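Each chain, written out:
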Amino acid sequence: MYRLARDITVDERMVGFKGRHHMVQYMANKKAHRWGIKLWTLSESDTGYTHQIVVYKGRQPQNLVQYPNGLGYHTVMNLVQPHLEKHHHVTFDSFFTSPKLCHDLFNMNTYSTGTVCVRRRGMPRSYRNLKLPKGSTKVLIQGPLIAVHWSDRRAVNLLSTLALPRMENHANSRGQESEVPHVVSLYNRTMGGVDLGDQLISEYTPDIRSLKMWKKVLINLLATAEVNAYICYKRNRNILRKMKRLDFVTEICRSLVQVQVVHERRIGRPPQNPPARLQGRHFIERVAGGRRKKCRVCDARVRTWCPTCMVGLCLGHFRRYHSVVHYEE
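Residues numbered from 1 in each chain as written. Predicted model: local features only at pLDDT ≥ 70, side-chain atom pairs only at ≥ 80, totals over all residues. Heavy atoms only, no water.

A few points about the confidence of the model for the chain
- When pLDDT is averaged along the chain, the result is 85; 92% of the residues meet or exceed 70.
- Within the model, pLDDT remains below 50 along residues 260-268, and this stretch shows three contacts once partners closer than five positions in the same chain are excluded. (pLDDT = per-residue confidence, 0-100. Contact = heavy atoms within 4.5 Å.)

Section: the packing of aromatic side chains
- Under the counting rule described, the total for this entry stands at 10 aromatic pairs.
- Centroid distance Trp40 to Phe95: 5.7 Å. Interplanar angle 20 degrees. Geometry classified as stacked. Residue Trp40 is found in strand E3 (residues 35-44), and its partner Phe95 is found in the loop between strand E5 (89-92) and helix H3 (99-107); the two are separated by 55 residues along the sequence.
- Between Tyr230 and Tyr233 the ring centres are 5.8 Å apart and the planes differ by 35 degrees, which places this aromatic pair in the tilted class. (Phe/Tyr/Trp six-rings, centres within 6.5 Å; stacked < 30°, edge-to-face > 60°. Helix = DSSP H or I, 4+ residues; strand = E, 2+ residues; numbered from the N terminus.)

Structural notes on the pairing of strand E9 (residues 155-160)
- Of all six residues in E9, five are buried; the element is thus mostly enclosed.
- In terms of strand pairing, strand E6 (residues 111-115) meets E9 through three bridges, oriented antiparallel. Paired with Gly114 across the bridge in E9 is Leu159.
- Summarising the sheet, strand E8 (residues 145-151) and E9 pair through six bridges and their orientation is antiparallel. Following the sheet pairing, Ile146 is matched in E9 by Ser160. (Buried < 20%, exposed > 50% of the residue type's maximum accessible area, 1.4 Å probe, protein only. Pairing = 2+ DSSP bridges.)

Some points on a positive patch on the surface
- Side chains of Lys212, Lys215, Arg286, Arg291, Arg292, Lys293, Lys294, Arg301 and Arg303 sit close together on the surface and give a patch of like positive charge.
- With respect to the element layout, Lys215 can be found in helix H6 (residues 213-235). (Patch = residues over 30% accessible without salt bridge, like charges linked within 9 Å, V, L, I, M, F, W, Y side chains within 5 Å. Areas by Shrake-Rupley, 256 points an atom, 1.4 Å probe, with all protein chains shown as cover. Salt bridge = Lys/Arg side-chain N within 4 Å of Asp/Glu carboxyl O. Lys, Arg positive; Asp, Glu negative; His and termini not counted. Charge placed at Lys NZ, Arg CZ, Asp CG, Glu CD.)

Rendered as structure tokens:
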């Protein structure tokens, strides 16, 4: 069983889909896929390992009764439930963060950090219209919870039960150092777990066009399983042979389709039990009614087929399908 590190992230993941379905959501801040199926995801912050996924089914009438503390509170509690009382540190954005959520997680020996809306219930009223000069910070403490208002290019509000109320040096992408609150540095370091997993998934995900929503979700789940397997492989790289990511994916695909390479094949010798498609006479015809079928060899949508074999075939692969034993190679 995979043992999660201390820092974990809760965020949403989008599976790109533009077809018609009541579960399709729109998120403007997701540049890769603005339209698609939303997945609530819990991932490891350092590696991007995806541990739990919950499909968001859209707003339901009974949610107002089931989620008295809001959808964000319910989502985090649902995902973190198996990891409570283990001193994990959960990071999330302003959609999920609330003072009640941070207090309840801390009471279950789980730390949390996240940006927060100033008008969220339980937030200090003095933060709503607070205007500070650039670089200034205001900190309020309520038991184990600290609320930080930091004025940078714009005002940022954060809650945390792990960060300390202090300033520390931080270098930006240009190498310039500046003083930032400790909670800001902690949030920037631990928030990118789900985004890192998305980058790893998109690297070798097949680009399949389909109007079936479940196919898109299934492919994303298979790609997520492949990324998780590669992360586990890297943890045991000392006892296993070294393998690049592309070679690792290739080995998985070969094992799934059970490709058997025959090194010594006698040319001209027919197989002992030839299939029916290699026997008799076959003719190509147009599908009745002008309908289309999927080609058995290349998966293209074609209007021709073999009525004897009852499979769709294009002109380019009709002869190969009826003359080669392993036509898929």
